[in-house]
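In case you want the letters, here they are:
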Amino acid sequence: MEKQFLHKYLLLVVCAFSFLAGQAQVKVGIRSGFTVAGLVGPDVHAYDAKLSFYAAGFANVPLFDAFSLQPEIQYSRQGACNDHEGPVTRERLNYLNVPLLARYQSRMGLYAETGPQFGFLINAQRKDNAHLTNVNGSYRPFDFSWVWGAGYRITQRAGVDLRWNLGMTDVSDYPGTVRNSVWQIGLAYTLGTFH
């Protein structure tokens, strides 16, 4: 049932991207960089942030004046690290995220963006020393987050950005509330503009 929902949702996203590509002045590009991911919540005590990466494709659609809409499809490695008790363990949570952001860009190249993000868990693994265990059953397949970001366009095509994705839903089947909290810092590059 969850896989059917995921396939239908991805089909909807692909159709939306196709529609947006037919609109005027749509910029299409890629983003990639580092994540500093953690698991947070009132019941989370033993986990620290872990460094990983993300990669995304985006379409930036002008709405009016300095405002635009930017949907993305993003692969993000998330999770957390526990080095407080015994050997170091890492929770590796791999997500396919779909942010839908509203962006304001100034004439000086600075921009701010915010909006919802829909996350679909690809897989979950726990690494303890050299041993890797599948823990898909311990995490829920869907994560709803809210994104805040800012950036600067260095050139017409290239820019740097910083984002914070804060999970709004409990992603774990463990007792208590566990949410994702992910910082991203990276580069964005516009591949081209379509009319």
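The structure under discussion appears in the preceding block.
In this text the structure is predicted, and so the values were computed from the model without any measurement.

## Some words on the nonpolar core
Step number 1: Formed by Leu39, Val44, Ala80, Leu93, Tyr95, Leu121, Ala124, Val135, Tyr139, Val171 and Val178, the largest nonpolar core amounts to eleven residues.
Step number 2: Contributions of two or more residues to this core are made by β4 (89-105) and β5 (110-128).
Step number 3: In this structure alanine 80 touches Ala37, Gly38, Leu39, Tyr47, Asp48, Lys50, Thr89, Arg90 and Glu91, once residues within four positions along its chain are discounted.

## What about the layout of surface pockets?
Step number 1: In this structure, the largest pocket encloses a volume near 410 Å³.
Step number 2: Going through the elements one at a time, β1 (26-40), β2 (50-64), β3 (67-82), β4, β8 (158-167) and β9 (179-194) are the ones with two or more residues in the lining of the largest pocket.
Step number 3: A breakdown of the residues in the lining of the largest pocket according to their chemical character gives nine nonpolar, nine polar and six charged.

## Overview of the pairing of strand β6 (residues 131-134)
Step number 1: Pairing between β5 and β6: four bridges, direction antiparallel. When the bridges of β6 are listed, glutamine 125 appears paired with asparagine 134.
Step number 2: Where β5 folds back on β6, the antiparallel hairpin that results is connected by two residues, among which asparagine 129 adopts a positive phi of roughly 55°.

## With respect to the packing of aromatic side chains
Step number 1: Inspection of every chain in the model, using the stated rule, returns seven aromatic pairs.
Step number 2: On the basis of an interplanar angle of 50° and a centroid distance of 5.7 Å, the ring pair of phenylalanine 118 and phenylalanine 144 is categorised as tilted. Residue phenylalanine 118 is found in strand β5, and its partner phenylalanine 144 is found in strand β7 (residues 142-153); the two are separated by 26 residues along the sequence.
Step number 3: Residue classification places phenylalanine 118 among the partly exposed positions, given a relative accessible area of 22%.
Step number 4: Taken together, the ring pairs connect Phe64, Phe67 and Tyr104 into an aromatic cluster.
Step number 5: In this arrangement the basic side chain of arginine 103 is found over the ring face of tyrosine 111, its NZ or CZ atom lying 3.8 Å from the centre.

## Details of a nonpolar patch on the surface
Step number 1: A cluster of nonpolar residues, Phe34, Val36, Leu51, Leu162, Trp183 and Ile185, forms a patch on the protein surface that exposes about 610 Å² of accessible area.
Step number 2: Where the nonpolar patch is concerned, the elements lending two or more residues are β1 and β9.
Step number 3: Looking at where isoleucine 185 falls in the secondary structure, it is placed in strand β9.

## Some words on the pattern of salt bridges
Step number 1: For the structure on display, the rule yields eight salt bridges.
Step number 2: For the salt bridge of glutamate 72 with arginine 31, the shortest nitrogen-to-oxygen distance reads 3.2 Å. Pair noted here: glutamate 72 is in strand β3 and arginine 31 is in strand β1, with a separation of 41 residues, a long-range link. Neither residue differs from the other here; glutamate 72 and arginine 31 are each classed as buried.

## Concerning the side chain of aspartate 161
Step number 1: You can see aspartate 161 is positioned in strand β8.
Step number 2: Relative accessible area serves as the criterion here: at 4%, aspartate 161 is assigned to the buried category.
Step number 3: If we ignore the near neighbours within four places in the chain, the residues touching aspartate 161 are Arg31, Tyr54, Tyr111, Ala150, Gly151, Gln184, Ile185, Gly186 and Ala188.

## Quick notes on unusual backbone geometry
Step number 1: Its identity is not glycine, yet aspartate 65 carries a phi of approximately 45°, on the positive side.
Step number 2: In this structure, aspartate 65 sits in the loop between β2 and β3.

About the thresholds
- Along each chain, residue indices are assigned from 1 in the same order as the chain's sequence is written.
- In view of the model being predicted, local features appear only for residues whose pLDDT reaches at least 70, and side-chain atom pairs are presented and counted only at 80 or more, with totals across whole chains, interfaces and linings using the full set of residues.
- Remark: hydrogens and water are excluded; side-chain values derive from all non-hydrogen atoms of the structure.
- To form a nonpolar core, buried Ala, Val, Leu, Ile, Met, Phe, Trp, Tyr and Cys residues must be joined to one another through side-chain atoms within 4.5 Å.
- Each residue's exposure class comes from its accessible area (1.4 Å probe, protein chains only) as a fraction of the maximum for that residue type: buried when under 20%, exposed when over 50%, partly exposed otherwise.
- Under the DSSP-based scheme used, a helix requires at least four consecutive residues in state H or I and a strand at least two consecutive residues in state E, with every element numbered from the N terminus.
- Residue contacts are counted whenever heavy atoms from the two residues lie within 4.5 Å of one another.
- Cavities and pockets are found on a 1 Å grid laid over the protein atoms alone: a cavity is a set of points where a 1.4 Å probe fits but cannot escape, a pocket is an open set with protein on both sides within 12 Å along at least five of seven lines, and a lining residue has an atom within 4 Å of such a point.
- Grid points are joined across faces, edges and corners, and a volume is the space filled by probe spheres set on the points.
- Each residue is assigned to one of three groups, with Ala, Val, Leu, Ile, Met, Phe, Trp, Tyr, Cys and Pro labelled nonpolar, Asp, Glu, Lys and Arg labelled charged, and all others, Gly among them, labelled polar.
- Here, a strand pair is defined by DSSP locating no fewer than two bridges between the strands.
- Each Phe, Tyr or Trp ring (for Trp, its six-membered ring) is paired with any other whose centre lies within 6.5 Å, and the angle between the two planes then decides the class: stacked below 30 degrees, edge-to-face above 60, tilted in between.
- Working rule: Lys NZ or Arg CZ, within 6 Å of ring centre, within 35 degrees of ring normal, means a charge sits over the ring.
- The patch calculation keeps residues exceeding 30% relative accessible area without a salt bridge and links them within 9 Å when they carry like charges or within 5 Å when they are nonpolar (Val, Leu, Ile, Met, Phe, Trp, Tyr).
- Note on areas: these come from Shrake-Rupley sampling with a 1.4 Å probe, and a residue is covered only by the protein chains present in the view.
- Counted as salt bridges are all cases of a side-chain nitrogen of Lys or Arg within 4 Å of a carboxyl oxygen of Asp or Glu.

All quantities given are derived from atomic positions and should not be read as evidence of function.
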